[in-house]
Amino acid sequence: MRRRLTENSRIYTTKHVCCELTTPQKKIKLTAQDAAEDFIQGMESWNGLNVPHEVLRALRDLKFTEPTPIQAQVLPHAIRDRLDIIGAAETGSGKTLAFGIPLIHSILQYKTREARDIPNTALDEDELQSSDESFKEEYEEFNVSAEGQGEERKEEIAEDNDEELDTDEREDISNEMPDDEESDSDETNILQEGEIGLVKVIDNADFTWLDNDHDSAKVTLPNRSPLALVLEPTRELAIQVRDHIKAVAKYTGIQVAAIVGGLSQQKQLRILKRCPEIIVATPGRLWELIQEGEPYLSQVEEVRYLVVDEADRMEEKGHFEELSKLLELINVDEKKRKQRQTFVFSATLTMVLPGPRRVMKKKRQNMAENQKLEMLMGNIGLKERPKVIDLTLKTGTVSTLTEAKINCTVEEKDYYLYYFLKLHPGRTLVFTNSKDCIRRLMSIFTLLKCQPLSLHADMHQRQRLKNLERFTANDKGLLLASDVAARGLDIPNVQHVIHYQVPHTVENYVHRSGRTARASKEGLSVMIIGPDDTKNYRKIMHALNKDDDLPMFPVEHQYMPEIKVRVCLARQIDTKEYRFSKKKHQNNWFEKAAKEMDIELDEELLNDLGDTQEQTQHKLEVKQLKAALDSMLSKSLMLTHLSGRYPTKMGKLQTFQRTQDDQDALKRVKKQKLSHKQSPLMDRNKSHKRNKKNKQK
Ligand SMILES: Nc1ncnc2c1ncn2[C@@H]1O[C@H](COP(=O)(O)OP(=O)(O)OP(=O)(O)O)[C@@H](O)[C@H]1O
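Within every chain, residues take consecutive numbers counted from 1 along the sequence as written. This being a predicted model, a pLDDT of at least 70 is required before a residue's local features are given, and a value of 80 or more before pairs of side-chain atoms are given or counted; all residues contribute to the totals for chains, interfaces and linings. Hydrogens are left out, water is left out, and the side-chain values use all remaining heavy atoms of the structure.

A. Structural detail: the site of the ligand. Nearness of a residue to a molecule or strand requires only that one of the residue's heavy atoms be within 4 Å of it. Near the ligand there are 21 residues, and of these Gly92, Lys95, Thr96, Asp490 and Arg518 occur at the shortest range. Polar contacts, as counted here, are pairs of nitrogen or oxygen atoms within 3.5 Å of one another; within protein the pair requires one atom able to donate a hydrogen and one able to accept it, and residues that are adjacent in sequence qualify only if both atoms are side-chain atoms. In the model, an oxygen atom of the ligand is placed 2.8 Å from a nitrogen or oxygen of the Gly92 main chain. The contact in question runs from an oxygen atom of the ligand to an N or O atom on the backbone of Gly94, over 3.2 Å. When isolated, the ligand has an accessible area of 640 Å², and the protein chains bury 87% of it. The definitions used throughout rest on a 1 Å grid laid over the protein atoms alone, on which a cavity is an enclosed set of points accommodating a 1.4 Å probe that cannot get out and a pocket is an open set flanked by protein within 12 Å on both sides along at least five of seven lines; lining residues are those having an atom within 4 Å of a point. Each molecule is assigned to a cavity or pocket provided more than half of its atoms lie within 2 Å of the corresponding grid points. Cavity membership is defined here by more than half of the atoms lying within 2 Å of grid points; on that basis the ligand lies in the second largest pocket. We get accessible surface area from the Shrake-Rupley algorithm with a probe of 1.4 Å; when it comes to residues, only the shown protein chains can shield them.

The structure is reproduced here in C-alpha cells:
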C-alpha cells in the first residue's frame, strides 16, 4: 500500500540549511536567507535572536511582541552558540520560553538534518518514481522502528478520542494531529495522495512564500526516543510548562507531552506511543515508566536536550531520589552527555544563605555561590564552561512586588486574614507551612463564606488541578496552599500573596511571593508574623539584603471587634464539628480494621460519642451556632462597626461605602509608604498615639 505522505512532507529552513521542495507539479525556489529573521510585522524586537519563523508566528498570536530580558540574553547563547545554560532570573520573567524556544529551534534543526540525510535528493521528474520508493522505504523504516507511529498514530488517536479524556490529554491529541487549516499551506496542498515531497539543500532559496499565513514548516518524521526532556518539581508545573511550550510550538508539528504522577498511567503510555519530541515530566512517574520498560523511554539517555527547571529545588536533599537515578542513567554515556545541550533554570539558583553579617566578606559569598553552581553542574552533568546568565536582583524578589507585614499573636492571625479578605477583595493566594493548618483554615473560612479552595500534596491530583482551574477562573478567588504551589505556577493576575506563616527558607519566600507581580505586573505580598515566625522573618530579610524592616500593612482597627466575633464563632463551630468527626472517624477506622482481621473489638478502645440523645443535642448546638454566624455574615461588615443609625439631613439612612482605592490593598500600602517618606516623624508619632489609644481601649 502506498502511504500518503502529504502531511509529512514538509520543508524547514534555518540560517544554514536552505531547502527546495520538489513535486511533479511545482518546484519552489527558496533564497538563502534566514527564515528565523523573516519579517513579521510588529515582531522586530525578536530580530537577531534566531527564533524560528513558526515560533515567531506563535509568539505574535500570544502578543509577545518583544523578548523578556532573560529571553533576550539566553537565546543567542543557546541557539547560536549551542552552549549549556545556567539561567537565573526573577519570578515571572519568562524563563520557560528562555529554554522552550531553543528546544523548539534545535528540534526543528535536528529533524531537518535527519530528513536531509535521507539519501534521496532526486529532483528530476523522471527520477521521481525511484526516489519515491526510497523515501517511502526510509519512512517506513522509521515507522517500524518506532512503534505505533505514522498511520498508526491516527488510528490510536481516533481510538483514544472515543474515551473520556482529561482536558490536557485532549489538548495533546489536538496538537498531535494538526487540523487542516494549520497544516496545509499552498505548497503542501499541491502534494496529492501518492506524490512525495523531496528535500534538497540549495543556495539562493527564495523564502517569500513564508510570508503568507499558512503553516509552513512542520516536521513530522517520527523519532525513536524523546529528543528533549524537561524535568519539573511538581505536577501542576509540568502540565503548565507543557502547555506553554505547546503554545509556541503550535505551527511546528512538534509534539509536547506531560508525564506526571497522579494521573492515569495508561493514558500516558498511549501518549508516549505517539512519540512526542518533547517530554515534560516529574521525576517520579518518569522513573517508574522507565523501570517498567516503556519502549519509547528505553533509550532515554539518547535525549539531546535536557532542562532541569527549578533546579535548586530539584536538588534539595531528600526531595528527589528518582531525579538522581534519572540523571545517573542519562549521563552514563560520556559521549552522549557531551553531545547533549543542558539548561538549568531557577529564580533562586544563585541564592545562598549568607552567614552572620560580621563574617560576610564578599569573597566568602562568591565562594558559596560558586559552590552551589558547581554542585548543580556536577550533579546534572553540564558540560564545562556553561554560560551563566544571572539577572536576579540583590533583593531576590521582583521589582514590581510590594511587600508588607502584619505583626500579631498566633491567635490573631485568623482575624487579620479575615480582615484582609473582607476589606481587600481580589485573587488571593494564602500559603501555610502545614497541611493541618490548611485543613483548619479551610473549615473556618468556609464557615465564614469566603469560599476557599485548597491545594496540597495529599490531595488527589485531579482535585488539585480542578481547584487550580477554579481559582484561575474567579477574580476574587481564595486558594489556601502549601509550598507545592510555591514554585513556577503562572496563575494570571494573582493580586495578593499572603504568608499566613513565614516560610522556613528564603527561597520559598521568593517563590511564594513570585506568584504575584508576574510579567511586569504589580502585586502585593503580606507576611502575617506571629511570635514563632520572627526568627524566619529576620533570616529572610537578612538574606535578601533588606536592611529596612518591611512596612506594616495599614489596618483599619475599627472593624476588628466585629471581625473577632465572627472568627471566634466560626472557630467554635469548627472545633465542635472537627472533634466530633475526628472521634467518629477513628471509631470507623477501628471497626473496619477489626472486621477485616476478623477479631472482636474491645468497646473500650472506641471514643465515647455519647448516646443518641447527646448526639442529637450536639447536632442542634452546631446548627444554632451556624445560624447565628449566618445571621452575622448577612450584615455588611462596613456598617456593623457604626453604632446606631446615621440619618442624613435629608432623612435618608447613610450608607457607608468604601471607595475602590480603599479596597485596593496595594495602593494603600504604597500610599502609606509615600506618606512615611514625606513625613516620617509625624507619621511615627501618629501611629504611636493610635497604638497607645488602642491599648487603652
Ligand atoms: N516575551 C514575552 N512577552 C510577554 N509575556 C511573556 C513573554 N514571555 C513569557 N511571558 C509570560 O510571562 C509569564 C511568566 O512566564 P514564566 O512562567 O515563564 O516565568 P518564570 O520566569 O518561569 O517564573 P517562575 O520563576 O515563577 O517559574 C507567563 O504568563 C508568560 O506567558
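Having seen the structure, we can now continue with the description.
B. Seen up close, the UniProt feature "short sequence motif: Q motif" (unreviewed entry) in the chain. As recorded in UniProt, the feature "short sequence motif: Q motif" (unreviewed entry) lies at residues 44-72. Secondary structure elements follow DSSP: runs of H or I of four or more residues count as helices, runs of E of two or more count as strands, with numbering from the N terminus. The distance from the first to the last C-alpha atom of residues 44-72 is 13 Å, and the span holds 45% helix and 0% strand. UniProt positions are given in the numbering used here, feature names are shortened, and annotations may be inferred rather than shown by experiment.

C. Representation of the sheet that holds strand S11 (residues 401-407) in the model. Each pair of strands is called paired provided DSSP finds at least two bridges between the two strands. The 6 strands lie next to each other as S11-S16-S15-S12-S14-S13, forming an open sheet whose pairing is parallel. The sheet is open, and its two edges are formed by S11 and strand S13 (452-455), each paired on a single side. The mean inter-strand angle of the sheet, taken between neighbouring strand axes irrespective of direction, is 20 degrees. Contacts between helix H16 (residues 413-423) and the sheet are confined to S11, strand S12 (428-431), strand S14 (478-481), strand S15 (496-499) and strand S16 (523-529), with S16 contributing the most and set at about 160 degrees to the helix. Contacts are assigned to residue pairs with any non-hydrogen atoms lying within 4.5 Å of each other. Whenever a helix is involved, its axis is fitted only over the stretch in contact; in every case the axis is a line through C-alpha atoms, and angles between N-to-C directions fall within 0 to 180 degrees. Strands S13 and S14 of the sheet are contacted by helix H17 (residues 435-447), whose axis makes an angle of about 165 degrees with S13.

D. Broad picture of the environment of Gly100. Within the secondary structure, Gly100 is located in helix H3 (residues 95-117). For the exposure calls, accessible area comes from a 1.4 Å probe over protein chains only, and a residue counts as buried if that area is under 20% of its type's maximum, exposed if over 50%, partly exposed in between. Accessibility expressed as a relative area gives 0% for Gly100, which makes it buried. Distance from Gly100 to Leu441, taken between C-alpha atoms, is 38 Å for residues 341 residues apart in sequence.

E. Region of the structure containing the pairing of S15. Burial along S15 is two-sided: His496 and Ile498 and Val497 and His499, pointing in opposite directions, are all buried. By the bridge criterion, 4 bridges tie S15 to S16 in an arrangement that is parallel. For Val497, the partnering residue across the bridge sits in S16 and is Ser525. Seen with its strands pointing away from the viewer, a crossover is right-handed if its path from the first strand over the helix to the second goes clockwise. The parallel pair S15 and S16, bridged by helix H19 (residues 506-513), forms a crossover whose chirality is right-handed.

F. Molecular detail of the nonpolar core. To define a nonpolar core, start from buried Ala, Val, Leu, Ile, Met, Phe, Trp, Tyr and Cys residues and group those joined through side-chain atoms within 4.5 Å. In terms of nonpolar packing, the biggest core is built from 49 residues, with Trp46, Val51, Leu59, Ile101, Val230 and Ile278 touching the most fellow members. Counting residues per element, this core draws most heavily on H3, which supplies 9 residues. What Ile101 contacts, discounting residues up to four positions off in sequence, is Trp46, Val51, Pro52, Val55, Leu59, Leu75 and Ile79. Tyr416, Leu441, Leu629 and Met638 belong to the second largest nonpolar core, which has 45 residues in total.

G. Structural detail: the side chain of Arg285. With respect to the element layout, Arg285 can be found in helix H11 (residues 283-291). Classification of Arg285 by relative accessible area gives buried; the value is 9%. A polar contact is formed between the side chain of Arg285 and the backbone oxygen of Leu263, at a distance of 3.0 Å. Of the polar contacts made by the side chain of Arg285, one reaches the side chain of Gln268; its length is 3.0 Å. Beyond its immediate sequence surroundings of up to four residues, Arg285 is in contact with Ile259, Val260, Gly261, Gly262, Leu263, Ser264, Gln265 and Gln268.

H. Structural view of the side chain of Glu232. Looking at where Glu232 falls in the secondary structure, it is placed in the loop between strand S5 (228-231) and helix H9 (235-248). Neither His nor the chain ends contribute to the count of charged residues, in which Lys and Arg are positive and Asp and Glu negative. For this document, the term salt bridge refers to a Lys or Arg side-chain nitrogen within 4 Å of an Asp or Glu carboxyl oxygen. Here Glu232 is buried and forms no salt bridge, its nearest opposite-charge partner Arg487 lying at an N-O distance of 8.9 Å. Sequence-distant contacts of Glu232, defined by excluding residues within four places in its chain, comprise Phe99, Leu237, Ala238, Val241, Val280, Ala281, Thr282, Pro283, Asp309, Glu310 and Met314.

I. Seen up close, the UniProt feature "domain: Helicase C-terminal" (unreviewed entry) in the chain. Summarizing the sequence annotation, UniProt attributes the feature "domain: Helicase C-terminal" (unreviewed entry) to residues 413-561 in the numbering used throughout. For the annotated span residues 413-561, helix accounts for 38% and strand for 15% of the residues, and the straight-line distance between the end C-alpha atoms is 14 Å.

J. Expanded view of the sheet that holds S5. Spatial ordering of the open sheet is given by S6-S7-S5-S8-S9-S3-S10, a layout of 7 strands whose pairing is parallel. Each edge of the open sheet carries a strand with a single partner, namely strand S6 (256-259) and strand S10 (387-390). Strand-to-strand twist of the sheet, defined as the mean angle between neighbouring strand axes without regard to direction, takes the value 15 degrees. Pairing geometry for S5 and strand S8 (residues 305-309), over 4 bridges, is parallel. Residue pairing in the sheet places Leu231 in a bridge with Val308 of S8.

K. Up close: the state of the cysteines. For this text, the term disulfide refers to a pair of cysteine sulfurs within 2.5 Å. Counted by the stated rule, this structure contains 0 disulfides. Sulfur of Cys437: no disulfide; nearest cysteine sulfur belongs to Cys408 and is 12 Å away.

L. Representation of the pattern of salt bridges within the structure. All chains considered together, the criterion is met by 32 salt bridges. With a shortest N-O distance of 3.1 Å, Asp84 and Lys383 are connected by a salt bridge. Placement of the pair is Asp84 in the loop between helix H2 (69-80) and strand S3 (85-88) and Lys383 in the loop between helix H15 (362-380) and S10, with a sequence separation of 299 residues. The partner of Asp458 in a salt bridge is Lys435, with the nearest N and O atoms 3.4 Å apart. Residue Asp458 is located in the loop between S13 and helix H18 (461-473), and its partner Lys435 is located in helix H17; the two are separated by 23 residues in the primary sequence. Its relative accessible area of 40% is what places Lys435 among the partly exposed residues. Among the ionic contacts, a cluster of salt bridges with common partners joins Glu411, Asp414, Arg440 and Arg571.

M. Molecular detail of the packing of H9 against H18. Following both chains from N to C, one finds H9 and H18 inclined at 60 degrees, their axes separated by 10 Å at the closest point. Judged on the interaxial angle alone, H18 and H9 are oblique. For the crossing formed where H9 meets H18, the hand is right-handed. Residues Arg235, Glu236 and Ile239 of H9 form the contact with H18, whose participating residues are Gln461, Arg464, Leu465 and Leu468. In terms of residue class, the contact of H9 with H18 is built from 3 nonpolar, 1 polar and 3 charged. Any angle that is under 35 degrees is reported as roughly parallel, and any over 145 degrees as roughly antiparallel; angles of 65 to 115 degrees are reported as roughly perpendicular and all others as oblique. The handedness criterion is simple: a crossing whose near helix is rotated anticlockwise from the far helix by less than a right angle is left-handed, and one whose near helix is rotated clockwise is right-handed. Each residue is assigned to one class: nonpolar for Ala, Val, Leu, Ile, Met, Phe, Trp, Tyr, Cys and Pro, charged for Asp, Glu, Lys and Arg, and polar for all the others, Gly among them.

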